[in-house]
Structure formats: structure tokens, C-alpha cells
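Observations on chain architecture
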Amino acid sequence: MIEKNIFLLKTSAESLSYLWEKLGMKEFLLKLVVSDWKHLNGGLLLLRLFAGGMMLTHGWAKLSSFTDLSVTFPDPLGVGNTFSLVLNVFAEVGCSLCLILGFVTRLAVLPLIFNMAMAFFIIHGADAFAVREMALLYLGMYVVVFWAGGGKYAVDEIIRQKLIRRVIP
């Protein structure tokens with residue numbers, strides 16, 4: 001009886017192994033759990049498009065109501081309400097457009113990182129975390145883009161290829 005159960009168990013294991021390899025389940029599961037570097041550039045593109053596009057809506061709203069906001073806009077740097085708003089709109093519109101295109105990507109996210117750090121730590125520093133969390137999410141996305149760069153699908157890559165004349169993996 002025990003031998004029969006061992007035989008059935010061994011046969012079942014062999015069948016499972018056969019199905020595992022023939023149906024491609026191993027490759028499928030490996031793709032789910034193992035980092036695939038060839039898709040990193042696509043992920044960076046999506047991150048750039050999402051973070052830049054979402055921030056662009058905030059900047060466009062500020063640009064549309066510039067006159068009204070210039071009187072009441074917070075001035076954490078002590079440079080005046082209007083100039084603080086100009087810097088904010090520059091970051092949220094100009095730098096977001098550069099981020100979306102992948103043009104001078106690392107340089108473009110620096111004002112956005114500064115902007116979101118000011119929003120999280122100073123402007124909304126005394127507010128509840130629920131109010132501050134959006135700034136922290138943006139800050140995290142921008143730090144990742146600063147760390148990783150624009151990726152292969154960016155204007156930066158076209159410029160790099162023209163300047164260096166070779167592809168660096």
C-alpha cells in the first residue's frame with residue numbers, strides 16, 4: 001500500500017513537472033517574480049508620462065488663475081507671493097513638460113523635487129498626513145526618476161546617441 005502511494009506520488013510529481021515545462025508555466029511565473037531589465041525603460045516612460053502629466057494639471061490650474069493666486073500664494077522662501085508662484089508654475093508646467101518628453105530629465109526633476117519637499121515639509125507641514133500624502137507621492141516618483149534617469153525612450157537618449165555615437169547597454 002505504501003509502495004503504491006509512493007508510486008502514485010512519484011508519477012504525479014513527474015506529470016506535474018511535465019506540465020510545468022510543456023505549458024510554459026515556469027517561464028510565466030518567472031516573469032512575474034524576476035526583474036526583467038528589458039522592460040525597465042518602458043516603466044520609466046510610464047512613470048515620466050504619469051508623474052509629468054498629473055503635475056501638469058496642477059501647474060496649468062495655477063497658470064490659469066495666476067492673477068488671483070499671486071496675491072494669496074504661500075511664500076516659504078521669503079521672495080514674495082508672485083515670485084513664489086512664478087517658480088511654482090515654472091516647476092509644475094515647464095519642468096513637467098521636460099519630464100514628459102524626457103528632455104534634460106534629471107535636471108528637470110530637481111525643481112519638482114524641491115517643490116514637493118517644500119509642499120510636504122513646510123507648506124503642509126502642520127497638516128494631517130492625508131493632506132500631505134499627495135506631495136510625498138510626487139516627491140517619491142521624482143526621486144525615482146532622478147535616480148534612474150529618463151530611460152531609453154527619452155529625448156535625452158537621442159541626444160546621448162548623437163553625441164557619443166554608440167549605444168551603452
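This one's a predicted model, so the numbers in the text were calculated from it and none came from an experiment.

All right, on to the confidence of the model for the chain then. Taken residue by residue, the chain gives an average pLDDT of 86. The fraction at 70 or more is 80%. When the criterion is pLDDT under 50, residues 4-9 qualifies, and its contacts beyond four places in sequence or with other chains add up to zero contacts.

Attention now goes to the nonpolar core. In this structure, Met55, Leu99, Val109, Leu112, Met116, Tyr138 and Tyr142 are the most contacted members of the largest nonpolar core, which totals 19 residues. At the level of secondary structure, the elements contributing two or more residues to this core comprise α3 (40-64), α5 (81-101), α6 (105-123) and α7 (129-148). With seven residues, the single largest contributor to this core is α6. With residues near it in sequence (within four places) discarded, tyrosine 142 still touches Ala51, Met55, Leu99, Val109, Leu112, Ile113 and Met116.

Right, let's talk about the pattern of salt bridges for a bit. Tallying each qualifying case throughout the model produces two salt bridges. A salt bridge links lysine 62 to glutamate 92; the shortest N-O distance between them is 3.0 Å. Here lysine 62, found in helix α3, pairs with glutamate 92, found in helix α5; they are 30 residues apart in sequence, far enough to count as distant. In terms of burial, lysine 62 and glutamate 92 fall into one category: buried. Of the charged contacts in the structure, one is a salt bridge between glutamate 157 and arginine 160, with a shortest N-O distance of 2.6 Å. Taken together, the residues span about one helical turn, with glutamate 157 and arginine 160 both in helix α8 (residues 155-164) at a distance of three residues. Both residues of the pair, glutamate 157 and arginine 160, belong to the buried class.

Turning to the side chain of glutamate 157, a few remarks are in order. On the accessibility criterion, glutamate 157 (13% relative accessible area) is buried. With sequence-adjacent residues up to four places away left out, glutamate 157 is seen in contact with Gly151 and Lys152.

With that out of the way, let us pick up α5. Side chains of residues three or four places apart in an α-helix project in the same direction, reflecting 3.6 residues per turn. Here α5 spans 30 Å end to end across 21 residues, near enough to the 30 Å set by a 1.5 Å rise per residue. Where α5 bends most, at cysteine 95, the angle is about 30°. Burial in α5 covers these residues: Ser84, Leu85, Asn88, Val89, Ala91, Glu92, Val93, Cys95, Ser96 and Leu99. On its buried side, α5 packs onto α3, α4 (66-72), α6 and α7. Looking one or two residues beyond α5, the residue adopting positive phi is glycine 102, at roughly 75°.

With that settled, the discussion passes to the packing of α3 against α5. Running from N to C, α3 and α5 point in directions that differ by 150°, and their axes come no closer than 8 Å. In this view, α3 runs roughly antiparallel relative to α5, as classed from their interaxial angle. Crossing geometry of α3 relative to α5 is assigned as left-handed. Contacts from Arg48, Leu49, Ala51, Gly52, Gly53, Met55, Leu56, His58, Gly59, Trp60, Lys62 and Leu63 in α3 reach Leu85, Asn88, Val89, Glu92, Val93, Ser96, Leu97, Leu99, Ile100 and Leu101 in α5. Taken together, the residues that form the contact of α3 with α5 break down as 13 nonpolar, six polar and three charged.

This part is about the environment of phenylalanine 146. Mapped onto the elements of the fold, phenylalanine 146 is located in helix α7. For the pair phenylalanine 146 and isoleucine 113, spaced 33 residues apart in the sequence, the C-alpha separation amounts to 8.9 Å. When neighbours within four sequence positions are excluded, phenylalanine 146 is seen to be in contact with Arg106, Val109, Leu110 and Ile113.

Thresholds applied
Residues numbered from 1 in each chain as written. Predicted model: local features only at pLDDT ≥ 70, side-chain atom pairs only at ≥ 80, totals over all residues. Heavy atoms only, no water. pLDDT = per-residue confidence, 0-100. Contact = heavy atoms within 4.5 Å. Core = buried A, V, L, I, M, F, W, Y, C linked by side-chain atoms within 4.5 Å. Buried < 20%, exposed > 50% of the residue type's maximum accessible area, 1.4 Å probe, protein only. Helix = DSSP H or I, 4+ residues; strand = E, 2+ residues; numbered from the N terminus. Salt bridge = Lys/Arg side-chain N within 4 Å of Asp/Glu carboxyl O. Expected span 1.5 Å × (residues − 1). Bend = angle between axes of the 7 residues up to and from the residue. Axes fitted to C-alpha atoms, helices over the stretch in contact; angles between N-to-C directions. Parallel < 35°, antiparallel > 145°, perpendicular 65-115°, else oblique. Left-handed = near helix turned anticlockwise from the far one by under 90°. Nonpolar A, V, L, I, M, F, W, Y, C, P; charged D, E, K, R; others polar.

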